[in-house]
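# Observations on the model geometry
Next come the chains, spelled out residue by residue.
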Amino acid sequence: VNPKIILTAIDNNPNFYLLKIRQDQKKILIQTAAKSPVYDSSIFKIDNGKTKVVKKRSYNVDKIFVFNEYIGKYFKKLNAKKVIPIGSFRSNHFHKKKGKKIDFLFISSWSNGNPNKIIASNFTFAEYQKFHDITFKNLSKFMEKNNYKIHILSKHPSKGEYDYYNYFFKNINWKFIKNNRKNQYHIIDQSKVVINFHSTLGYESFSRGNKTAFINPFGSKECMKTTKFGWPLKLKKNGPFWSTSNSYNKLEKLLNGLIFMKKKRFNLLFIKYANKLMPYNKNNSKFIY
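### Considerations on the overall build of the protein
Looking only at helices and strands, the protein has ten helices and 14 strands in total. Whereas a compact globule of 289 residues would reach a radius of gyration of roughly 19 Å, the protein reaches 20 Å, a difference of no more than 12%. Along the three orthogonal principal directions, the C-alpha set of the protein runs to about 65 × 45 × 35 Å. The buried share of the protein, reckoned over its 289 residues, is 50%. At a minimum sequence separation of 6, the contacts of the protein that also span at least 24 residues come to 63%. On the protein, roughly 15500 Å² of surface is accessible, and the fraction owed to carbon and sulfur atoms is 52%.

As structure tokens, then:
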């Protein structure tokens, strides 16, 4: 083939940055997922406690469309000529839906990993999973205490994933929703409060103007600090819609604060944080331009 433009949405594959092109060709990359050295070691690394970009002199890319200006500063170091904050290319494509039918929706990050697998430093998958387990016990208690129904939006629809959540929620009112990737934006738009750990869909939910809670207790560990809410934007450990605590009282305060938050108050928070975290660019007008 003889393309004028070479485009990819695989944002952590070094091969794309190494690809040689002619002067009349352009390379364009679209960020598609939230980044962290913990999960993207092919392009990021931790060196003496600081995050650095893994690159080679021969890396080259003309334009990179990123989630926000803060992560854009890291992508710029991959020898990018131009970096443009656009938010989520995928979310921008789907129009916002009106009408709230779901009280609480949790975005699943379930994984059936090897308990001994090292995620970061000496932090194993088993330890990582313990934080999740405590959160779901607290969520179950909160829903039962307040007579709410919780919906779980699956990650990889399977019996294993269903059984995992059923273990915690079998005694309360809950529903498992199979995620087919086409329905996920419609589902989060229908939800009064969306809950997640640190998923890309969670950031997309907030950028679409939905009340979204970010719970990330394992981000308090030094080796997992780049999974903290908003990274690489520097924020306090706890805020009006995020928390690094795994206590029931903090969870209850966070969720009650969101479910009862007046629209005017949330709009002020949205205005303050949306462009820093993930702007919403309707119909990807910046990309088309």
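Still more ground to cover, so stick around.
### Re the sheet that holds strand E5 (residues 61-66)
Ordered in space as E1-E2-E5-E6, the four strands form an open sheet in which the pairing is parallel. A strand with exactly one partner marks an edge of an open sheet, and here the two such strands are strand E1 (5-8) and strand E6 (80-85). Between one strand axis and the next, the sheet turns through 20° on average, direction left out of account.

### Side note on the packing of aromatic side chains
The final tally for this structure, using the stated rule, is 45 aromatic pairs. Taken together, a centroid distance of 6.4 Å and an interplanar angle of 55° make the contact between phenylalanine 106 and tyrosine 165 tilted. In this pair, phenylalanine 106 is assigned in strand E7 (residues 102-107) and tyrosine 165 in helix H5 (residues 159-169), connecting sequence segments 59 residues apart. Per residue, the accessibility class of phenylalanine 106 equals that of tyrosine 165, and both read buried. A centroid spacing of 5.2 Å and a plane angle of 75° characterise the contact between tyrosine 164 and tyrosine 165, whose relative ring orientation is edge-to-face. Side by side, tyrosine 164 and tyrosine 165 carry an identical accessibility label, which is buried. The residue whose ring lies beneath lysine 96 is tyrosine 280, and the NZ or CZ to ring-centre distance is 4.3 Å.

Rules of the game
Residues numbered from 1 in each chain as written. Predicted model: local features only at pLDDT ≥ 70, side-chain atom pairs only at ≥ 80, totals over all residues. Heavy atoms only, no water. Helix = DSSP H or I, 4+ residues; strand = E, 2+ residues; numbered from the N terminus. Rg over C-alpha atoms; globule rule 2.2 N^0.38 Å. Buried < 20%, exposed > 50% of the residue type's maximum accessible area, 1.4 Å probe, protein only. Contact = heavy atoms within 4.5 Å. Areas by Shrake-Rupley, 256 points an atom, 1.4 Å probe, with all protein chains shown as cover. Pairing = 2+ DSSP bridges. Axes fitted to C-alpha atoms, helices over the stretch in contact; angles between N-to-C directions. Phe/Tyr/Trp six-rings, centres within 6.5 Å; stacked < 30°, edge-to-face > 60°. Lys NZ or Arg CZ within 6 Å of the ring centre and 35° of its normal.

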